[in-house]
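Take a look at the letters that make up each chain.
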Amino acid sequence: MVGLEAHLTKLDSFLCLESDDVKMIGIWGPAGIGKTTIARALFNQLSTGFRLSCFMGTIDVNDYDSKLCLQNKLLSKILNQKDMKIHHLGAIEEWLHNQRVLIVLDDVDDLEQLEVLAKESSWFGHGSRIIVSLNDRKILKAHGINDIYDVDFPSEEEALEILCLSAFKQNSPQDGFEEVAKRVVELCGKLPLGLRVVGSSFYGESEDEWRIQLYGIETNLDRKIENVLRVGYDKLSERHQSLFLHIACFFNHKSVDYVTTMLADSTLDVENGLKTLAAKSLVSTNGWITMHCLLQQLGRQVVVQQGDPGKRQFLVEAKEIRDVLANETGTESVIGISFDISKIETLSISKRAFNRMRNLKFLNFYNGSVSLLEDMEYLPRLRLLYWGSYPRKSLPLTFKPECLVELYMGFSKLEKLWGGIQPLTNLKKINLGYSSNLKEIPNLSKATNLKTLTLTGCESLVEIPSSIWNLQKLEMLYASGCIKLQVIPTNINLASLEEVNMSNCSRLRSFPDISSNIKRLYVAGTMIKEFPASIVGHWCRLDFLQIGSRSLKRLTHVPESVTHLDLRNSDIKMIPDCVIGLPHLVSLLVENCTKLVSIQGHSPSLVTLFADHCISLKSVCCSFHGPISKLMFYNCLKLDKESKRGIIQQSGNKSICLPGKEIPAEFTHQTIGNLITISLAPGCEEAYSTFSRFKACLLLSPIKNFAFNKINCFLRSKGVEISRTTESIYPFVSGGSLSEHLFIFCGDLFPEENRSLMDVTPNEILFDFSSSDVEIVECGVKIFLSSGIEVGYCETGGNRNHHIDGEAEAFKVTQVENSKHTGHWSWLRKLRLGKKKMKNNKTELSSRPVSGFSDLTRGIFIRYQEPEAVELTKDERITDLSSLLCIGSLVVCFFLSVFFGQPLVVSVLLLFSCFFLQMQ
């Protein structure tokens, strides 16, 4: 079994073999995942360590005699006595209470089986281990077994290997079968049993035959797989079986809340039913319901076996649904139809298609449209009506929507839904998005539980009715792109409303004052000219405000609670004072504000600033109060030099984009192209243990079309990838770049989680920058130690001359042969420069070569940021000479002491010399 050793290793922590306590351990997981294989392997591994051991499978308990027989079978096997007979149910305790035993009970499906064979730990001697494998977690809990090993599904790689061992008798796919083999793994849901059975059935078949058989895997279970999986389903109660079929046919991958609401009028007891199905490994629930794809197939096959399509509970096969709707053969048995229209070519529905389906509750038409030549005569009292691209102008006049929980009729030809005031207390979600002919929405005053109303793209809608005043549970209102919308109710306060989107409602003039509880408001692209001063103080929960449009020329009021402000496409010329004063503003977007001239200030809490395509922008205040994550000035070609310099010098930036034609001098390693290698001087490799960050600058070529760009940075040492950084330039307003741009970003040089991968300290790093959309003309890098010190080297990839003109001469720390700075003074100079470094935190290590050194010279250099380089002044040279004379006097004193015996004189001279040196 693939992955068996890993399972056994994980089980070791549950066994605690060194303990003398009696332990009972559960092995739990869905049918077909390999529990028996694991239990058998564990038994084989452990049995030699126990004097008495037994593996028991296929356990059945019906009456007292069968219980006696079961105990007799266990004792006969473990004691190796074939003719053994017992006469009471205390025999196991009687025979084994002082024996150290290993017992594996496989495929237990009833609590009573455990009660018969291992009721109490006291039945067995010290150090005994009882291992139970089963599908039902509730049995383990009821028996007090808390040490439970949950058998996980194999990884993608392991699942592929399981399939290949059965299909090809090797660990990997044969040439040409890679794609189809991965598809089979997907269809089998990585279930080992399914992989082995399907793999064996495909053994020796051609690739074409594999592809032909794929459809069969999707729609029909192999008999062997069905027999194993069906056991769990058959042992469910009738109600739980019904819930299982609802999930398999309709509600797989839906939220628990959604399913509970949809089935609230049923007798299925969804909450307890889900717990039972989860305990038996038939579903998993973590807020969402997930049923394994093979179990889903099992459920659908069970439904198929209910009879003719029109008499089944659920219809899910497209061709069968087409026939039922076209031939009017549906009956009262049908409660759900899930129709993937894309799987058939054409469909024309009879106007009487639903007349006999009086119990239909769930109707789901998706992935296409159908032809409906006449208005339907009848629609049942549905709880779910999901019909995309509905072809008629209205719903049937006889339709009663009082049972509806969710209504989706997006992209429909509807002009209206229904007339009058309907009782809609069950309705929680309405989506009529992109129904371009919709002229009115019904009176919703009785939809008191409605949470979401979506009218996006309803281009004919003029008014949102005042009846929404009663929707006190409404949380989200989406009406963006309603280009004719002019009338919305005002002066109402919906208690639960958190998000309103009316962006690109180009005729909307009135501000949507419908709730003071709104957290996210989108009114960009409207004719709204200002945030009303009268309500600013009441909107204390507003977090995200998008209000930019050409109608917005000034902004005098913004609620102080706003953290994200979007003023894109506005006609403002300066950042409004009310924006600069926002105490919690984190993100400011002013893209395509073509009249914006100056960003003269900003909030002290600002973290990101996007100002792409601000073609008139000249000056930017760069007095940021904290680390900035993003500064984007794409196509801001009028930025002055002072602003550019201030933007580039911002510390702690994650990424910066601005116009520029050359890499700034502060990036000490520079090259043409996208590759740069930085080598550490010999003997200085240990410095890598303290490196923390790098800062890179890329010169990007102009491009014609631009909407999204991704920059990749790979760091490698000796062929091993040690770090990967991906940054995105994504101006919200698309368009090409009119000039070269600089893109600057930071990253971890050597992420902590990858350090264990490096067996030796690297002595060089390759930076590889790439992008699929833009050419990287040049690149530059500088590296920082964790203390903030910049470190550099004398070897870099590329052909560029790394010397920066006008830079003051730096001093090399390590000795360099054939250099005019080497000699008797070099070690003393190093000592003094080292002291200066300790006194000045701004000292940094630079890679720029010293004047007079060849390009091949390698080493670490020291320079000050202010001034740019370190020079020895006249006083410093005098001090150096004095220090040398002192040290020379020490040598003379030593010889006087040795050869002439003048200890007192020597001691005085020594003290004087040491004191003189310390003063330096």
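Residues numbered from 1 in each chain as written. Predicted model: local features only at pLDDT ≥ 70, side-chain atom pairs only at ≥ 80, totals over all residues. Heavy atoms only, no water.

In the nomenclature of an unreviewed UniProt entry, the protein chain corresponds to Disease resistance protein (TIR-NBS-LRR class) family from the organism Arabidopsis thaliana.

**Student:** Please explain the overall build of the protein chain as it appears in this structure.
**Tutor:** Of regular secondary structure, the protein chain possesses 22 helices and 37 strands. Taking all 920 residues of the protein chain together, the buried fraction comes to 52%. Of the roughly 43100 Å² that the protein chain leaves accessible, carbon and sulfur atoms contribute 50%. (Helix = DSSP H or I, 4+ residues; strand = E, 2+ residues; numbered from the N terminus. Buried < 20%, exposed > 50% of the residue type's maximum accessible area, 1.4 Å probe, protein only. Areas by Shrake-Rupley, 256 points an atom, 1.4 Å probe, with all protein chains shown as cover.)

**Student:** Can you walk me through the side chain of serine 603 in this structure?
**Tutor:** With respect to the helices, strands and loops of the structure, serine 603 is situated in the loop between strand S21 (598–599) and strand S22 (608–610). Serine 603 sits in the buried class, given a relative accessible area of 2%. A polar atom in the side chain of serine 603 sits 3.0 Å from the side chain of serine 605. (Polar contact = N/O pair within 3.5 Å; in protein donor to acceptor, adjacent residues only side chain to side chain.)

**Student:** Just to check I follow, could you spell out the pattern of salt bridges for this structure?
**Tutor:** Here the idea is simple: oppositely charged side chains can pair when their charged atoms come close. Taken as a whole, this structure holds 30 salt bridges when the rule is applied. Taking the shortest distance from any N to any O, the salt bridge between arginine 392 and aspartate 375 comes out at 2.7 Å. With arginine 392 in the loop between strand S11 (384–387) and strand S12 (406–408) and aspartate 375 in the loop between strand S10 (362–366) and S11, this pair connects stretches of sequence that are 17 residues apart. When the shortest N-O distance is used, the salt bridge between arginine 520 and glutamate 499 registers 2.8 Å. A residue pair is termed long-range when its members are at least 10 positions apart, and arginine 520 in strand S17 (residues 520–522) and glutamate 499 in strand S16 (residues 499–501) qualify at 21 residues. The partly exposed category is assigned to arginine 520, whose relative accessible area is 24%. With a relative accessible area of 11%, glutamate 499 lands in the buried category. Within the structure, one salt-bridge network assembled from shared partners comprises Glu328, Lys351, Arg352, Glu374 and Glu377. (Salt bridge = Lys/Arg side-chain N within 4 Å of Asp/Glu carboxyl O.)

**Student:** Hey, could you run me through the pairing of strand S9 (residues 336–340) in this one?
**Tutor:** Of all five residues in S9, five are buried, a share of seventy percent or more. Burial of S9 is two-sided: the residues Gly336, Ser338 and Asp340 facing one way and the residues Ile337 and Phe339 facing the other way are all buried. By the bridge criterion, two bridges tie strand S8 (residues 314–315) to S9 in an arrangement that is parallel. Across the sheet, the residue bridging to leucine 315 is isoleucine 337, located in S9. The pairing of S9 with S10 spans five bridges and is classified as parallel. The residue bridging isoleucine 337 from the neighbouring strand is leucine 363, located in S10. (Pairing = 2+ DSSP bridges.)

**Student:** For this particular structure, what's the right way to read the packing of helix H7 (residues 156–167) against helix H8 (residues 178–187)?
**Tutor:** Two packed helices can be described by the angle between their axes and the distance between those axes. Following both chains from N to C, one finds H7 and H8 inclined at 105°, their axes separated by 10 Å at the closest point. By the angle between their directions, the pair H7 and H8 is classed as roughly perpendicular. Note on element contacts: H8 touches H7 through Ala181, Lys182, Val184 and Val185, opposite Glu156, Ala159, Leu160 and Leu163. Partitioning the contact of H7 with H8 into residue classes produces six nonpolar, no polar and two charged. (Axes fitted to C-alpha atoms, helices over the stretch in contact; angles between N-to-C directions. Parallel < 35°, antiparallel > 145°, perpendicular 65-115°, else oblique. Contact = heavy atoms within 4.5 Å. Nonpolar A, V, L, I, M, F, W, Y, C, P; charged D, E, K, R; others polar.)

**Student:** Just checking my understanding: could you explain the side chain of threonine 456 for this structure?
**Tutor:** Positionally, threonine 456 belongs in the loop between strand S14 (452–454) and strand S15 (476–478). Leaving out residues up to four positions away in the same chain, threonine 456 has contacts with Gly433, Tyr434, Tyr478, Ala479 and Ser480.

**Student:** Please explain the packing of aromatic side chains as it appears in this structure.
**Tutor:** The geometry of two aromatic rings is summed up by the distance between their centres and the angle between their planes. Applying the stated rule across the entire model yields 26 aromatic pairs. Seen in terms of ring centroids, phenylalanine 250 and phenylalanine 362 are 5.5 Å apart; in terms of plane orientation they differ by 45°. Their pairing is tilted. One end of the pair, phenylalanine 250, is in helix H12 (residues 238–251); the other, phenylalanine 362, is in strand S10, with 112 residues separating them in the sequence. When its relative accessible area of 9% is taken as the criterion, phenylalanine 250 is described as buried. Phenylalanine 362 sits in the buried class, given a relative accessible area of 2%. Through pairs of rings, three or more aromatic residues link up here, namely Phe250, Phe251, Tyr258, Phe314 and Phe362. Sitting over the ring of tyrosine 378, arginine 358 keeps its end group 4.0 Å from the ring centre. (Phe/Tyr/Trp six-rings, centres within 6.5 Å; stacked < 30°, edge-to-face > 60°. Lys NZ or Arg CZ within 6 Å of the ring centre and 35° of its normal.)

**Student:** So what exactly am I meant to see when it comes to helix H2 (residues 35–46) here?
**Tutor:** For an α-helix, 3.6 residues make a turn, and residues three or four places apart therefore share a direction. The end-to-end C-alpha separation of H2 is 16 Å, in line with the 16 Å expected for twelve residues at 1.5 Å each. All buried positions along H2 are accounted for by Lys35, Ile38, Ala39, Ala41, Leu42, Phe43 and Leu46. Lining the buried residues of H2 we find helix H1 (4–15), strand S1 (23–28), strand S2 (52–56), strand S3 (101–108) and strand S4 (129–134). (Expected span 1.5 Å × (residues − 1).)

**Student:** Sorry if this is basic, but what is going on with H1 here?
**Tutor:** Its twelve residues place the ends of H1 16 Å apart at the C-alpha level, agreeing with the 16 Å of an ideal helix rising 1.5 Å per residue. Those residues of H1 that sit buried are Leu4, His7, Leu8, Leu11 and Leu15. All buried residues of H1 lie within an arc of 95° about the axis, which places them on one face of the element. In H1, those exposed residues whose orientation departs by more than 90 degrees from the buried face are Glu5, Thr9 and Ser13. Those residues of H1 that are buried lie in contact with S1, H2, S4 and strand S5 (147–150). Cysteine 16 lies just past H1 and shows a positive phi near 45°. (Arc of directions from axis to C-beta.)

**Student:** Would you take a moment to explain a positive patch on the surface for this structure?
**Tutor:** A cluster of basic residues, Lys393, Lys439, Lys484 and Arg507, forms a positive patch on the protein surface. Along the chain, the position of lysine 484 falls in the loop between S15 and S16. In this structure lysine 484 comes out as partly exposed when scored by relative accessible area, which is 35%. (Patch = residues over 30% accessible without salt bridge, like charges linked within 9 Å, V, L, I, M, F, W, Y side chains within 5 Å. Lys, Arg positive; Asp, Glu negative; His and termini not counted. Charge placed at Lys NZ, Arg CZ, Asp CG, Glu CD.)

**Student:** I tried to follow the sheet that holds strand S32 (residues 764–770) on my own but got confused; where do I start?
**Tutor:** For sheets, the rule is that strands pair by backbone hydrogen bonds, running either parallel or antiparallel. Read across the sheet, four strands follow the order S27-S32-S29-S30 without closing on themselves; strand pairing throughout is antiparallel. Looking along the sheet, the strands with just one partner apiece sit at the ends: strand S27 (675–679) and strand S30 (720–729). Strand-to-strand twist of the sheet, defined as the mean angle between neighbouring strand axes without regard to direction, takes the value 15°. Pairing analysis gives nine bridges linking strand S29 (residues 709–717) to S30, with the strands arranged antiparallel. Pairing of phenylalanine 714 across the sheet is with arginine 724, part of S30.

**Student:** Just checking my understanding: could you explain empty space enclosed by the protein for this structure?
**Tutor:** To find leftover empty space, a probe the size of one water molecule is rolled over the atoms. Under the criterion given, the structure shown has five cavities of 30 Å³ or more. For the second largest cavity, the lining is made up of twelve residues, of which Tyr634, Leu700, Ser737, His741 and Val774 are closest to its centre. (1 Å grid on protein atoms, 1.4 Å probe; cavity = no way out; pocket = protein on both sides within 12 Å on 5 of 7 lines; lining within 4 Å. Points joined across faces, edges and corners; volume = space filled by probe spheres on them.)

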